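Here is what each chain is made of, one letter per residue.
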Amino acid sequence: MKKPFLECSLLHVGIILSVIISLVPFFWFIITSLKSQTAVEAIPPTWWPNGNLDAYRSALLDHQLLNYMMNSVIVAGSTTIIALLLAIPAAYALARVRMKGKSLILGGLLSMSMFPQIVIAGPVWEILKHIGGLNTHWGLVLPYLTLTLPLAIWILATFFKELPRELEDAARVDGCTLWQTMSKVMAPLAAPGIFTAAILTFIYAWNEFFFALLILTDPEQQTLPVGIALFQGEFTMPWGELAAASVLATLPLVLVVLLFQRGIISGLSAGAIKG
Amino acid sequence: MAKLDLHHIQKQFGSTRVLQDISLSVSDGAFIVLLGPSGCGKSTLLRIIAGLDVQTAGSVLIDGKPIDHVAPRDRDMAMVFQQYALYPHLTVRENLAFGLTMRKEPATVIQTRIKEAVDLLEIHPLLDRLPKELSGGQRQRVAMGRAIVRKPKLFLFDEPLSNLDARLRGTMRIELQKLHKRLGITMVYVTHDQIEAMTLGETIVIMDHGNILQVGSSEEIYRQPNTPFVAGFIGHPPMNLLEGNVTTDQQTCYFHTGNLRITLPIHSCPPTLTSAVLGIRPEDIHLTSSETPEITISGTVECIENLGADLFMYVLAQEQRIVLRTAPGQHKQPGEAITIHVPRNRLHLFIDGQRIERNQTP
Ligand SMILES: Nc1ncnc2c1ncn2[C@@H]1O[C@H](COP(=O)(O)OP(=O)(O)O)[C@@H](O)[C@H]1O
Ligand SMILES: [Mg+2]
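Given the structure is predicted, the values throughout are model-derived calculations rather than measurements.

The next point concerns the overall build of chain A. For chain A, the count of helices and strands is 12 helices and zero strands. Secondary structure elements in chain A, listed N-terminal to C-terminal, are α-α-α-α-α-α-α-α-α-α-α-α. Its C-alpha atoms give chain A principal-axis dimensions of roughly 70 × 65 × 35 Å. For chain A, the residues scored as buried account for 42% of the 275 residues in total. A sequence separation of at least 24 residues applies to 74% of the contacts in chain A between residues at least 6 apart. Carbon and sulfur atoms provide 73% of the accessible area of chain A, an area that totals close to 15,500 Å². For chain A, the separation between the mean place of its 15 positive charges and that of its 15 negative charges on side chains is 18 Å.

Listed below in structure tokens is the structure:
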């Protein structure tokens, strides 16, 4: 059966429009990153880059981009790993244990993930100052966990709830320890949920600017967003270097998403039970 | 191979008691069926035997040894679940091998066991498929296979056939019986379907509201139901249960309902107006008189259901509806008057919810 022409073309127009709107800025700074300094500042703007890699060289060598990137990998990586290690058991308990007020807890978690950051900025800074967490990576990971855990738990709990309980029972009768039940049966089935939570947490921690700026004042410790924002030029804004650094900062994110996406095979749990 | 004993098992979820006080003995190699309506605690009991749930009180024994502190993985039981619970991310072959791999059996043993089970269940063409690529009946076979390859001490089945259509269920019942004969492993089978229970079980355990009401062969349970509940639960159509009172008249004891008065062949009569239930199986009711001592009841035909092999007739008598089962070929019409005959030795009497045998003192 063919879809009506109008519906079909509307769908395509919609898809093309959203792709253009989300990718145009990205293309613009890729183009910018490949221009020479004079081409960047030319008015009217030139549309075609002159293939100049100076901006990349300068971003990497003069501005220590690799150092920032390393810091970001450490912070975002450990945030993701720790968040998952805490969120998986918490979500599992919320999904499985019969208890009163469970929906209240889940609702509370969701609303907590909508809290404006500015509300906790002051207290977080005070606490970190007290325990010596300022200008350290773990001092940044801590508030990141606070901010990402609720959403991660919520996503995972929804996924675990979808998995039939009989599967776990079957695994336990079949000879699995609790840990094996988790790793051999539940984790592979909850993989789409785990990957989703991981990607969201990683992206958040990778891109986060406000807390990173607040907590990390030492350039040696700073993460990518802060580092790039604080690029200094001699007389002008180093637009070319900024664009080049942004492109480089986005690449790992794209890689991570592509990598994790392969693990997301939806509908995997179909066929476990009747239907 | 194992003998299973349950000693005074109780189970509470919060404040609700799901199992009251269950004691049961299953001998080595037996095929026992737990039969009861939905929600009576059958699955809970099975899960306690498997160690998936922990009882509030009581003890589970295998070969005389308590196993209450043994983890499910060390109990050496295999369970087939109502929803099959195949691992969706594993192929049929991997599903079958899973339990053996977890127990670190050598690869050659796994190979031969899988081959045996596959031959037995005829699921060879399915080996490399994922569960989602199987039909309901095929999933059911694989679930069965996953239990068989384990060669456990005890098989636990939780309504494994309830998701199949009627024809497949019939075939699987026969397969299951053959399987039991062949393997000789103790089996505990849970169902709410009386036909499944009657055809499968050597011993049937009737449960209701967390209690065991009766244990016996299908013959015993059909012939001598302990309580009105068991009487009404077994048989199709269900046994007619007439509610009435006991009355006495010059040392004769009667069951009394409406205008119907039946002499009771018991020695000493309970006090007058003790409430009683009289049970009559639809298939014990005849439309013609016979030589044996019998009771007769008159009424009018209410409606008729012709099922081909059987004919169910609903008769309104003494303000009670009585269903009877007879062969087709009756030319009664709804509204017609009718007299029904029941041999006296086929009457079931219950006083205070307990069966009273003939000539027994209540
Ligand atoms: N984990 C649980 N928490 C609370 N109540 C439960 C739980 N599992 C079962 N029940 C209750 O116990 C009763 C018996 O359940 P179940 O053993 O599944 O019955 P059956 O298998 O005979 O249909 C039901 O009323 C059910 O609601
Ligand atoms: Mg059940």
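Residue and element names in this part refer to chain B. Along strand β19 (residues 348-351), one buried face is formed by His348 and Phe350 and the opposite face, lined by Leu349 and Ile351, is buried too. Pairing between strand β14 (residues 275-280) and β19: four bridges, direction antiparallel. When the sheet's bridge partners are listed, Gly279 is paired in β19 with His348. The turn joining β19 and strand β20 (residues 354-356), which pair antiparallel and follow one another in sequence, is formed by two residues; a positive phi near 55° is taken by Asp352.

Attention shifts here to the site of ligand 1. Near ligand 1, the surroundings consist of A:Arg98, B:Phe13, B:Val18, B:Pro37, B:Ser38, B:Gly39, B:Cys40, B:Gly41, B:Lys42, B:Ser43 and B:Thr44. Nearby residues place ligand 1 at the junction of chains A and B. B:Gly39 places a polar main-chain atom, nitrogen or oxygen, 2.6 Å from an oxygen atom of ligand 1. When each cavity is represented as a set of grid points, ligand 1 is found to reside in the largest pocket. The element best represented in the shell around ligand 1 is helix α1 (residues 42-50) of chain B, accounting for three residues. Partitioned by chemical class, the residues of the shell around ligand 1 number four nonpolar, five polar and two charged.

Here we come to the packing of aromatic side chains. Counted according to the given criterion, the structure contains 10 aromatic pairs over all chains. For the pair A:Phe26 and A:Phe29, a centre-to-centre distance of 5.3 Å together with 70° between the ring planes defines the contact as edge-to-face. Taken together, the residues A:Phe26 and A:Phe29, both in helix α1 (residues 5-33) and three residues apart, mark about one turn of the helix. Owing to a relative accessible area of 25%, A:Phe29 belongs among the partly exposed residues under this scheme. On the numbers, 5.5 Å between centres and 20° between planes, the contact of A:Phe202 with A:Trp206 is stacked. Of this pair, A:Phe202 and A:Trp206 both sit in helix α9 (residues 178-207), four residues apart, which is roughly one turn of the helix. Summarising the burial analysis for this pair, A:Phe202 and A:Trp206 share the class buried. Following the ring pairs from residue to residue traces out a cluster consisting of B:Phe31, B:Phe155, B:Phe157 and B:Tyr189. The ring of B:Tyr87 carries the charged tip of B:Arg146 above its face, separated from the ring centre by 4.6 Å. For B:Arg261, the ring lying beneath its charged end belongs to B:Tyr254, and the centroid distance is 3.8 Å.

Bringing the interface of chain A and chain B into the picture now. The extent of an interface is frequently quoted as the accessible surface area lost upon association of the parts. Contacts between chain A and chain B engage 26 residues on the former and 28 residues on the latter. Between chain A and chain B lies a buried interface of about 2,400 Å² when both sides are counted; carbon and sulfur atoms form 58% of it. Taken together, chain A and chain B are joined by two salt bridges. For the salt bridge of B:Arg47 with A:Asp169, the shortest nitrogen-to-oxygen distance reads 2.5 Å. There are 11 residue pairs in polar contact (both at pLDDT 80 or more) connecting chain A and chain B. Those elements that provide at least two residues to the side of chain A that touches chain B are α8 (165-173) and α9 of chain A. For the side of chain A that touches chain B, the residue count by class is 12 nonpolar, seven polar and seven charged.

What follows is about the environment of B:Leu264. Note that B:Leu264 resides in the loop between β13 (260-263) and β14. Along the backbone, B:Leu264 and B:Thr247 are 17 residues apart, and their C-alpha atoms lie at a distance of 9.8 Å.

Below, the discussion takes up the side chain of B:Asp193. Residue and element names in this part refer to chain B. Following the sequence through the fold, Asp193 ends up in the loop between β8 (186-191) and α6 (194-200). Side-chain polar atoms of Asp193 contact the backbone nitrogen of Glu196, separated by 2.9 Å. Contacts of Asp193, omitting those with residues within four sequence positions, involve Leu35 and Arg169.

Moving on, we come to the pairing of strand β16 (residues 311-317) of chain B. Residue and element names in this part refer to chain B. Counting buried positions over the seven residues of β16 gives six, a clear majority of the element. The pairing of strand β15 (residues 294-306) with β16 spans six bridges and is classified as antiparallel. Its bridge partner being in β16, Cys303 is matched across the sheet by Tyr314. Hairpin connection between β15 and β16: a loop of four residues separates the two successive antiparallel strands, and Gly308 in this loop has a positive phi of roughly 95°. Here β16 runs beside strand β17 (residues 320-326); their pairing, made up of seven bridges, is antiparallel.

Bringing the pattern of salt bridges into the picture now. Going through the model one piece at a time under the given rule, you end up with 19 salt bridges over all chains. Of the charged contacts in the structure, one is a salt bridge between B:Asp284 and B:Arg346, with a shortest N-O distance of 2.7 Å. One end of the pair, B:Asp284, is in the loop between β14 and β15; the other, B:Arg346, is in the loop between β18 (337-343) and β19, with 62 residues separating them in the sequence. The salt bridge involving B:Arg325 is made with B:Asp310; its shortest N-O contact spans 3.1 Å. Separated by 15 residues along the polypeptide, B:Arg325 in strand β17 and B:Asp310 in the loop between β15 and β16 bring together distant segments of the chain. Several salt bridges converge on common partners, so that one network encompasses A:Asp169, B:Arg47 and B:Asp53.

Buried residues dominate α8(A), accounting for seven of its nine residues. What α8(A) keeps buried is the set A:Glu166, A:Leu167, A:Glu168, A:Asp169, A:Ala170, A:Ala171 and A:Val173. As for α8(A), its buried residues are in contact with α4 (65-96) and α9 of chain A together with α1, β6 (77-80), α2 (92-102) and α4 (136-148) of chain B.

Residue and element names in this part refer to chain B. Examined at the domain level, chain B breaks down into domain 1 (4-232) and domain 2 (233-356). Computed from C-alpha coordinates alone, the two centres of domain 1 and domain 2 are separated by 38 Å. At the interface, 19 residues of domain 1 touch 15 residues of domain 2. The largest share of the area that domain 1 buries against domain 2 comes from Gln194, Tyr222 and Pro228, three residues that together contribute 35% of it. The tally of links from domain 1 across to domain 2 stands at zero salt bridges. Put simply, domain 1 and domain 2 have nine residue pairs in polar contact (both at pLDDT 80 or more) between them. Contributing elements (two or more residues each) for the side of domain 1 that touches domain 2: α6, α7 (218-223) and α8 (228-233). At five residues, α8 tops the list of elements feeding residues into the side of domain 1 that touches domain 2. Looking at the side of domain 1 that touches domain 2, its residues break down into 11 nonpolar, seven polar and one charged.

The rules behind each value
- Residues numbered from 1 in each chain as written.
- Chains lettered and ligands numbered in written order.
- Predicted model: local features only at pLDDT ≥ 70, side-chain atom pairs only at ≥ 80, totals over all residues.
- Heavy atoms only, no water.
- Helix = DSSP H or I, 4+ residues; strand = E, 2+ residues; numbered from the N terminus.
- Buried < 20%, exposed > 50% of the residue type's maximum accessible area, 1.4 Å probe, protein only.
- Contact = heavy atoms within 4.5 Å.
- Areas by Shrake-Rupley, 256 points an atom, 1.4 Å probe, with all protein chains shown as cover.
- Lys, Arg positive; Asp, Glu negative; His and termini not counted.
- Charge placed at Lys NZ, Arg CZ, Asp CG, Glu CD.
- Pairing = 2+ DSSP bridges.
- Near = heavy atom within 4 Å.
- Polar contact = N/O pair within 3.5 Å; in protein donor to acceptor, adjacent residues only side chain to side chain.
- 1 Å grid on protein atoms, 1.4 Å probe; cavity = no way out; pocket = protein on both sides within 12 Å on 5 of 7 lines; lining within 4 Å.
- Sits in = over half its atoms within 2 Å of the grid points.
- Nonpolar A, V, L, I, M, F, W, Y, C, P; charged D, E, K, R; others polar.
- Phe/Tyr/Trp six-rings, centres within 6.5 Å; stacked < 30°, edge-to-face > 60°.
- Lys NZ or Arg CZ within 6 Å of the ring centre and 35° of its normal.
- Buried area = accessible area lost by both parts, 1.4 Å probe.
- Salt bridge = Lys/Arg side-chain N within 4 Å of Asp/Glu carboxyl O.
- Domains from an automatic or database assignment.

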